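# Per-entry structural report
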Amino acid sequence: MSQEEFNKIFLHELSDLYSAEEQIVEELPNMIKAASNEELKEVLKSHLQESKMQIKRLEQIFLLLDAKPSKKVCMGIKGILKEGSNFISEFSKSNSRDAALISAAQKVEHYEIASYGSAYSHADYLGCDREIKNLLNDTLTEEKDANKKLSKLAEGSIFSAGINKLACKS
Ligand code: FE
Ligand code: FE
Ligand code: ZN
């Protein structure tokens, strides 16, 4: 495979992420509204702010690469978000809906972790500037942290009952 071809893969992945983040920023306010647990609301709110910053990082990367994102729509995230909103709307009890929300949100995070992980390794292999790799890694770290926070909320700790437990009791 030629370097040019590999570069195309990298740009495709970045464009996909750009579309994914835009869709996520549009959907997160609905997820925040649907959440009842205050901590869950906070995690989603702070991830909304992070996601807006992640879009800016991608724009910076495109600038550094002297490229533009293609108009393609990330169908993966489109499907994950649609499935998530259908799933959440099946539950009217707040604790159950929160548990469903966490599960839906974690699917989004895993898609992003996979995509940013691949984009980072492609950037590394292509010998991209440190700056580009750092931007990708900063976002990758935020996605992993968001996922961990969601797991913690679902599972709880010795100090607090997790949302899963609350959903089971209600
Ligand atoms: Fe993101
Ligand atoms: Fe995609
Ligand atoms: Zn995310």
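This report concerns the structure included in the present document. These numbers were taken from a predicted model, which means no experiment stands behind them. (Residues numbered from 1 in each chain as written. Chains lettered and ligands numbered in written order. Predicted model: local features only at pLDDT ≥ 70, side-chain atom pairs only at ≥ 80, totals over all residues. Heavy atoms only, no water.)

What follows is about the coordination of the zinc ion (ligand 3). For the zinc ion (ligand 3), every protein donor is listed as H47 (NE2), E109 (OE), E112 (OE) and E143 (OE), and the spread of their distances is 2.0 to 2.3 Å. Around the zinc ion (ligand 3) sit 4 donor atoms; with metal-centred angles ranging over 81 to 168°, the donor geometry is irregular. The sequence pattern formed by the donor residues of the zinc ion (ligand 3) is H-x61-E-x2-E-x30-E. The distance between the zinc ion (ligand 3) and the iron ion (ligand 1) comes to 3.2 Å, and E112 binds to both of them. Within this pair, whereas H47 is found in helix α2 (residues 38-65), its partner E109 is found in helix α4 (residues 94-125), the two being separated by 62 residues in sequence. (Donors = N, O, S within 2.8 Å, 3.2 Å for Na, K, Ca; no water. Tetrahedral: all angles 85-135°; square planar, octahedral: opposite > 155°, others 65-115°. Helix = DSSP H or I, 4+ residues; strand = E, 2+ residues; numbered from the N terminus.)

To continue, consider the coordination of the iron ion (ligand 1). Listed as protein donors to the iron ion (ligand 1) are E21 (OE), E21 (OE), Q54 (OE1), E112 (OE) and E143 (OE); their distances from the metal cover 1.9 to 2.5 Å. Read in sequence order, the donor residues for the iron ion (ligand 1) give the motif E-x32-Q-x57-E-x30-E. For E21, a relative accessible area of 0% puts it in the buried group. E143 sits in the buried class, given a relative accessible area of 0%. (Buried < 20%, exposed > 50% of the residue type's maximum accessible area, 1.4 Å probe, protein only.)

The next thing to look at is the nonpolar core. In terms of nonpolar packing, the biggest core is built from 46 residues, with F10, L14, L40, L44 and L136 touching the most fellow members. Looking at this core, the elements with two or more residues in it are α1 (3-34), α2, α3 (75-89), α4, α5 (130-155) and α6 (163-169). Examining the composition of this core, we find that 12 residues originate from one element, α1, more than from any other. (Core = buried A, V, L, I, M, F, W, Y, C linked by side-chain atoms within 4.5 Å.)

Further remarks concern the environment of Y125. Note on placement: Y125 falls in helix α4. The class for Y125 is exposed, based on a relative accessible area of 67%. In this structure the C-alpha to C-alpha distance between Y125 and F6, which are 119 residues apart in sequence, comes to 9.4 Å.

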